[in-house]
Amino acid sequence: MSKLTIQSIEAIIVDLPLRRLQRFAAVGANSTSIVLVRMRTKDGLEGIGEAVTPSGPWWGGESVETIKLMIDEQIAPVLTGTDAFDLAPSMARLDRALFGNAFAKASVEMAMLDLQGKALGVPVHDLMGGKRRASLPCSWPLATGEASSEIEEAERMLESKRHNIFKLKMGAVDPVQDVERACAVARGLEGRASVRGDPNEMWDETTTKWAVPRMADAGIVMVEQPMARWNLAASARLTARSNCAIMIDEGLCTPQDMLRIAEMRAADLVSLKVMKSAGLLATRRIADIAEAGGISLYMGTFLECSIGTAANMQLCATLADLPYGGELSGPGLVAEDIAVQAARYVDFELQLEEGVGLAVEVDEDKLKAFRRDRTYSVHASRKSMSAKA
Ligand SMILES: [Mg+2]
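Numbering of residues starts from 1 in every chain and runs along the sequence as written. Selection of residues for local features in this predicted model requires a pLDDT of at least 70, selection of side-chain atom pairs for listing and counting requires 80 or more, and totals for whole chains, interfaces and linings are taken over all residues. In computing side-chain properties, one takes all heavy atoms of the structure into account and sets aside hydrogens as well as water.

- The name given to the chain in an unreviewed UniProt entry is Muconate cycloisomerase I, and the organism recorded there is Henriciella pelagia.
- UniProt positions are given in the numbering used here, feature names are shortened, and annotations may be inferred rather than shown by experiment. Annotation of the chain in UniProt includes, under Sequence similarities (unreviewed entry), the sentence "Belongs to the mandelate racemase/muconate lactonizing enzyme family."

Next up, the structure:
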(Lines give C-alpha, C1' and ligand atoms only; values in the text may rest on other atoms or scores of the structure.)
Protein backbone atom coordinates (compact mmCIF):
# COMPACT_ATOMS: atom_id res chain seq x y z
CA MET A 1 0.00 0.00 0.00
CA SER A 2 1.43 3.33 -1.02
CA LYS A 3 1.64 6.17 1.45
CA LEU A 4 -1.13 8.74 1.87
CA THR A 5 1.16 11.74 2.12
CA ILE A 6 -0.80 14.78 3.30
CA GLN A 7 -0.05 17.73 1.02
CA SER A 8 -2.49 20.36 2.23
CA ILE A 9 -5.15 20.98 4.87
CA GLU A 10 -7.77 23.65 4.28
CA ALA A 11 -10.16 24.82 7.01
CA ILE A 12 -13.23 26.70 5.78
CA ILE A 13 -15.78 28.40 8.05
CA VAL A 14 -19.34 27.89 6.81
CA ASP A 15 -22.38 29.75 8.23
CA LEU A 16 -25.68 27.88 7.89
CA PRO A 17 -29.15 29.22 8.75
CA LEU A 18 -31.25 27.18 11.23
CA ARG A 19 -34.91 26.29 10.62
CA ARG A 20 -35.90 27.77 13.98
CA LEU A 21 -34.44 29.37 17.09
CA GLN A 22 -32.39 26.88 19.13
CA ARG A 23 -32.23 27.85 22.79
CA PHE A 24 -29.46 26.41 24.99
CA ALA A 25 -29.05 27.16 28.71
CA ALA A 26 -26.38 29.74 27.86
CA VAL A 27 -27.36 31.14 24.43
CA GLY A 28 -30.06 31.25 21.75
CA ALA A 29 -29.18 30.92 18.05
CA ASN A 30 -30.74 31.43 14.60
CA SER A 31 -27.75 30.10 12.70
CA THR A 32 -24.91 27.67 13.19
CA SER A 33 -21.32 27.75 12.00
CA ILE A 34 -19.12 24.82 11.12
CA VAL A 35 -15.53 24.34 9.99
CA LEU A 36 -15.17 22.14 6.91
CA VAL A 37 -11.77 20.45 6.69
CA ARG A 38 -10.43 19.45 3.27
CA MET A 39 -7.29 17.34 3.47
CA ARG A 40 -5.55 16.55 0.18
CA THR A 41 -2.81 14.00 -0.56
CA LYS A 42 0.02 14.17 -3.08
CA ASP A 43 -1.88 11.69 -5.25
CA GLY A 44 -4.96 13.92 -5.42
CA LEU A 45 -7.22 12.11 -2.93
CA GLU A 46 -9.34 14.30 -0.66
CA GLY A 47 -10.56 13.51 2.87
CA ILE A 48 -13.14 15.72 4.58
CA GLY A 49 -14.09 16.45 8.16
CA GLU A 50 -16.31 18.83 10.12
CA ALA A 51 -15.93 20.68 13.39
CA VAL A 52 -18.88 22.39 15.02
CA THR A 53 -19.62 24.01 18.37
CA PRO A 54 -23.11 24.41 19.82
CA SER A 55 -23.43 28.11 18.81
CA GLY A 56 -20.16 29.35 20.23
CA PRO A 57 -17.55 28.64 22.89
CA TRP A 58 -19.83 28.26 25.96
CA TRP A 59 -19.67 24.43 25.96
CA GLY A 60 -16.02 23.64 25.37
CA GLY A 61 -14.10 26.91 25.01
CA GLU A 62 -13.51 26.53 21.27
CA SER A 63 -15.31 28.51 18.54
CA VAL A 64 -15.22 28.02 14.77
CA GLU A 65 -12.80 30.96 14.60
CA THR A 66 -10.32 29.40 17.06
CA ILE A 67 -10.71 26.01 15.35
CA LYS A 68 -9.81 27.46 11.95
CA LEU A 69 -6.91 29.41 13.44
CA MET A 70 -5.52 26.33 15.23
CA ILE A 71 -5.80 24.16 12.11
CA ASP A 72 -4.20 26.79 9.85
CA GLU A 73 -1.40 27.86 12.19
CA GLN A 74 -0.67 24.87 14.45
CA ILE A 75 -2.17 21.60 13.16
CA ALA A 76 -1.48 21.87 9.43
CA PRO A 77 2.29 22.43 9.93
CA VAL A 78 2.46 19.28 12.14
CA LEU A 79 0.51 17.02 9.77
CA THR A 80 1.64 18.25 6.34
CA GLY A 81 4.06 15.74 4.78
CA THR A 82 3.00 12.91 7.15
CA ASP A 83 1.16 9.72 6.16
CA ALA A 84 -2.63 9.76 6.82
CA PHE A 85 -2.34 6.04 7.71
CA ASP A 86 -0.19 7.02 10.72
CA LEU A 87 -3.25 8.08 12.69
CA ALA A 88 -2.24 7.20 16.27
CA PRO A 89 1.29 8.65 16.04
CA SER A 90 -0.05 11.79 14.35
CA MET A 91 -2.68 12.33 17.05
CA ALA A 92 0.00 11.82 19.72
CA ARG A 93 2.21 14.36 17.95
CA LEU A 94 -0.70 16.83 17.89
CA ASP A 95 -1.29 16.30 21.62
CA ARG A 96 2.36 17.15 22.27
CA ALA A 97 2.21 20.20 19.99
CA LEU A 98 -1.01 21.72 21.36
CA PHE A 99 -2.94 21.23 24.56
CA GLY A 100 -6.74 20.86 24.36
CA ASN A 101 -8.45 22.01 21.15
CA ALA A 102 -10.34 18.72 20.98
CA PHE A 103 -12.86 19.96 18.40
CA ALA A 104 -10.12 21.07 15.99
CA LYS A 105 -8.24 17.77 16.45
CA ALA A 106 -11.44 15.74 15.90
CA SER A 107 -12.11 17.39 12.54
CA VAL A 108 -8.67 16.58 11.13
CA GLU A 109 -8.80 13.01 12.49
CA MET A 110 -12.12 12.64 10.64
CA ALA A 111 -10.49 13.75 7.38
CA MET A 112 -7.58 11.31 7.90
CA LEU A 113 -10.01 8.42 8.43
CA ASP A 114 -11.98 9.50 5.35
CA LEU A 115 -8.73 9.42 3.34
CA GLN A 116 -7.86 5.94 4.66
CA GLY A 117 -11.29 4.59 3.79
CA LYS A 118 -11.19 6.09 0.31
CA ALA A 119 -7.67 4.76 -0.34
CA LEU A 120 -8.64 1.24 0.79
CA GLY A 121 -12.14 1.30 -0.75
CA VAL A 122 -13.89 0.59 2.59
CA PRO A 123 -16.20 2.53 4.93
CA VAL A 124 -14.64 4.00 8.09
CA HIS A 125 -16.59 1.60 10.34
CA ASP A 126 -14.67 -1.26 8.71
CA LEU A 127 -11.47 0.39 9.97
CA MET A 128 -12.91 0.55 13.50
CA GLY A 129 -13.94 -3.04 14.14
CA GLY A 130 -16.89 -3.47 11.80
CA LYS A 131 -20.60 -2.83 11.67
CA ARG A 132 -22.89 -3.76 14.56
CA ARG A 133 -25.85 -1.57 13.54
CA ALA A 134 -27.10 0.13 10.36
CA SER A 135 -29.36 2.77 11.94
CA LEU A 136 -29.82 4.81 15.13
CA PRO A 137 -33.04 5.86 16.93
CA CYS A 138 -32.54 9.62 17.17
CA SER A 139 -33.78 12.23 19.60
CA TRP A 140 -34.99 15.67 18.44
CA PRO A 141 -34.21 18.76 20.56
CA LEU A 142 -37.20 20.78 21.79
CA ALA A 143 -35.77 24.17 22.58
CA THR A 144 -38.25 26.99 22.09
CA GLY A 145 -39.01 27.06 25.83
CA GLU A 146 -42.79 27.02 25.38
CA ALA A 147 -44.68 23.76 26.08
CA SER A 148 -47.58 24.07 23.62
CA SER A 149 -45.39 24.96 20.62
CA GLU A 150 -42.96 22.20 21.61
CA ILE A 151 -45.76 19.62 21.73
CA GLU A 152 -46.90 20.80 18.27
CA GLU A 153 -43.34 20.48 16.95
CA ALA A 154 -43.11 16.96 18.41
CA GLU A 155 -46.46 16.01 16.84
CA ARG A 156 -45.10 16.99 13.40
CA MET A 157 -42.02 14.81 13.97
CA LEU A 158 -44.21 11.87 15.04
CA GLU A 159 -46.46 12.26 12.00
CA SER A 160 -43.55 12.32 9.55
CA LYS A 161 -42.00 9.30 11.34
CA ARG A 162 -38.78 11.28 11.74
CA HIS A 163 -38.38 11.34 15.53
CA ASN A 164 -40.26 9.77 18.45
CA ILE A 165 -37.64 10.67 21.08
CA PHE A 166 -37.47 14.27 22.33
CA LYS A 167 -34.91 16.10 24.43
CA LEU A 168 -35.94 19.28 26.18
CA LYS A 169 -33.19 21.87 26.41
CA MET A 170 -33.53 23.32 29.93
CA GLY A 171 -31.66 25.63 32.27
CA ALA A 172 -32.37 28.99 30.59
CA VAL A 173 -35.18 30.03 32.96
CA ASP A 174 -36.23 29.65 36.60
CA PRO A 175 -36.20 25.93 37.54
CA VAL A 176 -39.83 25.90 38.77
CA GLN A 177 -41.07 27.27 35.45
CA ASP A 178 -38.64 25.01 33.55
CA VAL A 179 -39.78 21.82 35.32
CA GLU A 180 -43.44 22.79 34.84
CA ARG A 181 -42.84 23.16 31.08
CA ALA A 182 -40.92 19.84 30.88
CA CYS A 183 -43.65 17.96 32.76
CA ALA A 184 -46.34 19.52 30.50
CA VAL A 185 -44.51 18.32 27.37
CA ALA A 186 -43.97 14.82 28.83
CA ARG A 187 -47.66 14.52 29.76
CA GLY A 188 -48.74 15.88 26.35
CA LEU A 189 -46.74 13.16 24.58
CA GLU A 190 -47.40 10.37 27.08
CA GLY A 191 -47.47 6.88 25.58
CA ARG A 192 -46.37 8.14 22.15
CA ALA A 193 -42.82 9.34 22.66
CA SER A 194 -39.79 9.11 24.93
CA VAL A 195 -39.04 12.47 26.61
CA ARG A 196 -35.76 13.52 28.24
CA GLY A 197 -34.42 16.77 29.79
CA ASP A 198 -31.01 18.49 29.61
CA PRO A 199 -30.36 21.49 31.91
CA ASN A 200 -26.72 21.77 30.75
CA GLU A 201 -25.16 22.03 34.27
CA MET A 202 -27.38 24.94 35.36
CA TRP A 203 -28.75 23.45 38.61
CA ASP A 204 -27.13 23.00 42.01
CA GLU A 205 -27.61 19.76 43.96
CA THR A 206 -30.51 21.14 46.03
CA THR A 207 -32.47 22.18 42.93
CA THR A 208 -31.67 18.88 41.21
CA LYS A 209 -32.87 16.94 44.26
CA TRP A 210 -36.22 18.73 44.01
CA ALA A 211 -36.56 18.73 40.21
CA VAL A 212 -35.58 15.23 39.04
CA PRO A 213 -38.21 13.23 41.01
CA ARG A 214 -40.94 15.57 39.68
CA MET A 215 -39.72 15.11 36.12
CA ALA A 216 -39.56 11.31 36.58
CA ASP A 217 -43.13 11.32 37.97
CA ALA A 218 -44.33 13.13 34.81
CA GLY A 219 -42.82 10.37 32.65
CA ILE A 220 -39.43 11.86 31.76
CA VAL A 221 -37.15 8.85 31.34
CA MET A 222 -33.73 10.47 31.46
CA VAL A 223 -32.08 13.64 32.80
CA GLU A 224 -28.77 14.77 31.30
CA GLN A 225 -26.06 16.69 33.18
CA PRO A 226 -28.24 18.75 35.54
CA MET A 227 -25.26 19.79 37.70
CA ALA A 228 -21.75 21.19 37.09
CA ARG A 229 -19.41 18.95 35.11
CA TRP A 230 -16.87 18.72 37.95
CA ASN A 231 -19.38 17.51 40.54
CA LEU A 232 -19.19 13.75 40.01
CA ALA A 233 -19.87 13.07 43.70
CA ALA A 234 -23.26 14.83 43.49
CA SER A 235 -23.99 13.02 40.22
CA ALA A 236 -23.23 9.68 41.91
CA ARG A 237 -25.65 10.53 44.76
CA LEU A 238 -28.34 11.52 42.22
CA THR A 239 -27.80 8.33 40.18
CA ALA A 240 -28.12 6.16 43.29
CA ARG A 241 -31.47 7.63 44.34
CA SER A 242 -33.20 8.49 41.01
CA ASN A 243 -35.89 6.40 39.38
CA CYS A 244 -35.12 7.82 35.96
CA ALA A 245 -31.80 7.41 34.14
CA ILE A 246 -29.05 9.98 34.78
CA MET A 247 -26.61 10.81 31.98
CA ILE A 248 -23.27 12.63 32.06
CA ASP A 249 -22.30 14.74 29.03
CA GLU A 250 -20.14 17.77 29.94
CA GLY A 251 -18.42 15.71 32.66
CA LEU A 252 -16.98 13.26 30.12
CA CYS A 253 -14.34 14.24 27.56
CA THR A 254 -11.36 11.92 28.08
CA PRO A 255 -10.84 8.19 28.74
CA GLN A 256 -9.61 9.21 32.21
CA ASP A 257 -12.93 11.01 32.89
CA MET A 258 -14.74 7.83 31.84
CA LEU A 259 -12.69 5.67 34.19
CA ARG A 260 -13.55 7.99 37.12
CA ILE A 261 -17.27 8.02 36.22
CA ALA A 262 -17.32 4.21 36.13
CA GLU A 263 -15.38 3.91 39.41
CA MET A 264 -17.75 6.33 41.16
CA ARG A 265 -20.86 5.01 39.39
CA ALA A 266 -21.58 8.70 38.74
CA ALA A 267 -24.15 8.06 35.97
CA ASP A 268 -26.33 5.36 34.42
CA LEU A 269 -25.21 6.32 30.95
CA VAL A 270 -22.79 8.67 29.19
CA SER A 271 -23.05 10.81 26.09
CA LEU A 272 -20.31 9.99 23.55
CA LYS A 273 -19.31 12.92 21.34
CA VAL A 274 -16.55 12.78 18.75
CA MET A 275 -15.84 16.55 19.01
CA LYS A 276 -15.31 16.82 22.76
CA SER A 277 -13.08 13.72 22.85
CA ALA A 278 -10.78 14.73 19.95
CA GLY A 279 -11.82 12.09 17.46
CA LEU A 280 -13.53 8.83 16.57
CA LEU A 281 -10.77 6.55 17.86
CA ALA A 282 -10.57 8.25 21.28
CA THR A 283 -14.38 8.11 21.53
CA ARG A 284 -14.27 4.40 20.71
CA ARG A 285 -11.76 3.91 23.58
CA ILE A 286 -14.12 5.75 25.95
CA ALA A 287 -16.99 3.49 24.83
CA ASP A 288 -14.88 0.42 25.67
CA ILE A 289 -14.13 1.72 29.19
CA ALA A 290 -17.82 2.52 29.77
CA GLU A 291 -18.87 -0.94 28.65
CA ALA A 292 -16.24 -2.56 30.87
CA GLY A 293 -17.50 -0.49 33.81
CA GLY A 294 -21.16 -1.33 33.25
CA ILE A 295 -22.17 2.20 32.17
CA SER A 296 -24.55 2.44 29.19
CA LEU A 297 -23.74 4.40 26.03
CA TYR A 298 -25.61 7.17 24.22
CA MET A 299 -24.61 8.71 20.87
CA GLY A 300 -24.42 12.46 21.47
CA THR A 301 -23.97 15.39 19.10
CA PHE A 302 -23.03 19.05 18.83
CA LEU A 303 -25.60 19.38 16.02
CA GLU A 304 -23.17 18.72 13.18
CA CYS A 305 -24.48 19.14 9.62
CA SER A 306 -24.58 16.07 7.35
CA ILE A 307 -20.76 15.82 7.01
CA GLY A 308 -20.05 15.47 10.74
CA THR A 309 -23.22 13.45 11.24
CA ALA A 310 -22.01 10.91 8.66
CA ALA A 311 -18.73 10.65 10.61
CA ASN A 312 -20.59 10.20 13.91
CA MET A 313 -22.73 7.52 12.29
CA GLN A 314 -19.59 5.63 11.20
CA LEU A 315 -18.53 5.40 14.85
CA CYS A 316 -22.08 4.70 16.00
CA ALA A 317 -22.27 1.76 13.57
CA THR A 318 -19.59 0.02 15.69
CA LEU A 319 -21.60 0.31 18.95
CA ALA A 320 -23.88 -2.61 19.74
CA ASP A 321 -25.85 -1.43 22.73
CA LEU A 322 -27.43 2.04 22.95
CA PRO A 323 -30.47 1.59 25.23
CA TYR A 324 -31.56 5.24 24.90
CA GLY A 325 -30.43 5.66 21.27
CA GLY A 326 -28.78 8.94 20.39
CA GLU A 327 -29.33 12.41 19.04
CA LEU A 328 -27.62 12.82 15.66
CA SER A 329 -30.30 15.29 14.59
CA GLY A 330 -28.23 18.32 13.47
CA PRO A 331 -29.08 17.92 9.74
CA GLY A 332 -32.76 18.48 10.58
CA LEU A 333 -32.04 21.77 12.34
CA VAL A 334 -30.18 23.47 9.49
CA ALA A 335 -32.24 25.02 6.71
CA GLU A 336 -29.33 24.45 4.30
CA ASP A 337 -26.73 21.66 4.33
CA ILE A 338 -23.44 21.35 2.47
CA ALA A 339 -23.55 17.61 1.75
CA VAL A 340 -24.67 16.23 -1.64
CA GLN A 341 -26.85 13.68 0.15
CA ALA A 342 -28.33 14.99 3.41
CA ALA A 343 -28.67 12.56 6.33
CA ARG A 344 -31.74 10.30 5.98
CA TYR A 345 -34.21 9.51 8.79
CA VAL A 346 -36.49 6.55 8.07
CA ASP A 347 -39.03 5.14 10.58
CA PHE A 348 -37.58 7.29 13.38
CA GLU A 349 -34.01 6.15 12.73
CA LEU A 350 -30.98 7.79 11.12
CA GLN A 351 -29.62 5.52 8.39
CA LEU A 352 -25.99 4.49 7.91
CA GLU A 353 -25.13 5.28 4.27
CA GLU A 354 -23.28 2.81 2.05
CA GLY A 355 -20.01 4.10 0.63
CA VAL A 356 -16.28 4.43 1.17
CA GLY A 357 -14.65 6.59 3.84
CA LEU A 358 -17.27 8.65 5.69
CA ALA A 359 -19.74 7.96 2.84
CA VAL A 360 -20.54 11.64 2.38
CA GLU A 361 -19.57 14.32 -0.19
CA VAL A 362 -19.42 18.12 -0.24
CA ASP A 363 -21.94 20.00 -2.40
CA GLU A 364 -19.62 22.57 -4.00
CA ASP A 365 -22.40 25.04 -4.95
CA LYS A 366 -23.80 25.06 -1.42
CA LEU A 367 -20.30 25.45 0.00
CA LYS A 368 -19.69 28.45 -2.28
CA ALA A 369 -22.95 30.03 -1.15
CA PHE A 370 -22.41 29.68 2.60
CA ARG A 371 -18.64 29.85 3.17
CA ARG A 372 -17.38 32.77 5.25
CA ASP A 373 -14.46 34.27 3.42
CA ARG A 374 -12.40 35.98 6.04
CA THR A 375 -8.79 35.51 7.03
CA TYR A 376 -7.91 34.60 10.58
CA SER A 377 -4.20 34.22 9.98
CA VAL A 378 -2.14 35.51 12.91
CA HIS A 379 0.64 36.43 10.51
CA ALA A 380 -1.73 38.40 8.27
CA SER A 381 -3.20 40.35 11.20
CA ARG A 382 0.29 41.00 12.61
CA LYS A 383 1.34 42.29 9.21
CA SER A 384 -1.68 44.58 8.97
CA MET A 385 -1.05 45.82 12.56
CA SER A 386 2.56 46.69 11.79
CA ALA A 387 1.48 48.33 8.53
CA LYS A 388 -0.90 50.58 10.53
CA ALA A 389 1.80 51.40 13.06
MG1 LIG B 1 -25.76 17.76 26.62
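A short note on the sheet that holds strand β12 (residues 345-346)
Alright, step 1. Strand order across the open sheet formed by three strands is β4-β13-β12, with antiparallel pairing between neighbours. What marks the edges here is a single partner per strand, and that holds for β4 (135-137) and β12.
Alright, step 2. Two strands are said to pair when DSSP picks up at least two bridges between them. Elements are defined by DSSP. Helices are runs of H or I of four residues or more, strands are runs of E of two residues or more, and each kind is numbered from the N terminus. In the sheet, β4 pairs with strand β13 (residues 349-351) via three bridges, with the strands oriented antiparallel. Its bridge partner being in β13, Pro 137 is matched across the sheet by Glu 349.

Some words on the coordination of the magnesium ion
Alright, step 1. Looking at the magnesium ion, one finds its protein donor set to be Asp 198 (OD), Glu 224 (OE) and Asp 249 (OD), positioned 2.1 to 2.7 Å from the metal centre.
Alright, step 2. Written as a sequence motif, the donor arrangement for the magnesium ion is D-x25-E-x24-D. Linking Asp 198 in strand β7 (residues 194-198) with Glu 224 in strand β8 (residues 222-224), this pair joins segments that are 26 residues apart in sequence. In terms of burial, Asp 198 and Glu 224 fall into one category: buried. Water is not among the atoms examined, so metal sites may look incomplete; donors are the N, O and S atoms within 2.8 Å of the metal, or within 3.2 Å for Na, K and Ca. Here's how the labels work: a residue is buried when its accessible area is under 20% of the maximum for its type, exposed when over 50%, partly exposed in between, all with a 1.4 Å probe on protein chains only.

Observations concerning the domain arrangement of the chain
Alright, step 1. Structurally, the chain comprises domain 1 (6-125 + 364-370) and domain 2 (126-351).
Alright, step 2. For domain 1 versus domain 2, the separation of C-alpha centres amounts to 23 Å.
Alright, step 3. Any two residues whose heavy atoms approach within 4.5 Å are treated as being in contact. Every contact between the two is made by 42 residues of domain 1 and, on the other side, 48 residues of domain 2.
Alright, step 4. The buried area of a pairing is the accessible area, by a 1.4 Å probe, that goes missing from both parts when the two are put together, added over both. Here domain 1 packs against domain 2, burying approximately 3800 Å² in sum over the two surfaces, 67% of which is carbon and sulfur.
Alright, step 5. Salt bridge, as used here: a side-chain nitrogen of Lys or Arg that lies within 4 Å of a carboxyl oxygen of Asp or Glu. Inspection of the region where domain 1 meets domain 2 yields one salt bridge.
Alright, step 6. Any pair of nitrogen or oxygen atoms within 3.5 Å is treated as a polar contact; in protein, a donor-acceptor pairing is required on top of that, and neighbouring residues in sequence qualify only through side-chain atoms on both sides. Across the domain 1-domain 2 interface, the total number found is 20 residue pairs in polar contact (both at pLDDT 80 or more).
Alright, step 7. Of all the secondary-structure elements, those providing two or more residues to the side of domain 1 that touches domain 2 are β1 (6-23), β2 (28-41), β3 (46-52), α2 (87-97), α3 (102-120), α4 (124-127) and α13 (364-370).
Alright, step 8. In terms of residues, the side of domain 1 that touches domain 2 owes the most to one element, α3, which gives ten residues.
Alright, step 9. Residues were grouped as follows: Ala, Val, Leu, Ile, Met, Phe, Trp, Tyr, Cys and Pro as nonpolar; Asp, Glu, Lys and Arg as charged; and all remaining residues, including Gly, as polar. When its residues are assigned to classes, the side of domain 1 that touches domain 2 shows 28 nonpolar, seven polar and seven charged. These domain boundaries are the output of an automatic or database domain assignment.

A short note on the packing of aromatic side chains
Alright, step 1. Ring pairs are drawn from Phe, Tyr and Trp, using the six-membered ring of Trp, whenever the two centres fall within 6.5 Å, and their geometry is named by plane angle: stacked under 30 degrees, edge-to-face over 60, tilted for the rest. Considering all chains together, one arrives at two aromatic pairs under this definition.
Alright, step 2. Each ring, one from Trp 59 and one from Phe 302, has its centre 4.9 Å from the other, and the planes form 80°; the classification is edge-to-face. Of this pair, Trp 59 sits in the loop between β3 and α1 (64-79) while Phe 302 is found in the loop between β11 (296-299) and α11 (306-316), placing the two residues 243 residues apart along the sequence. Accessibility classification places Trp 59 together with Phe 302 in one group, the buried group.
Alright, step 3. Taken together, the aromatic side chains of Trp 59, Phe 103 and Phe 302 make up a single cluster linked through ring pairs.
Alright, step 4. Positioned over the ring face of Trp 59 is Arg 229, at 5.1 Å from the centre of the ring.
Alright, step 5. By definition here, charges over rings are those cases where NZ of Lys or CZ of Arg is within 6 Å of the ring centre and within 35 degrees of the ring normal. Here the basic side chain of Lys 273 rests over the ring of Phe 302, its NZ or CZ set 4.2 Å away from the ring centre.

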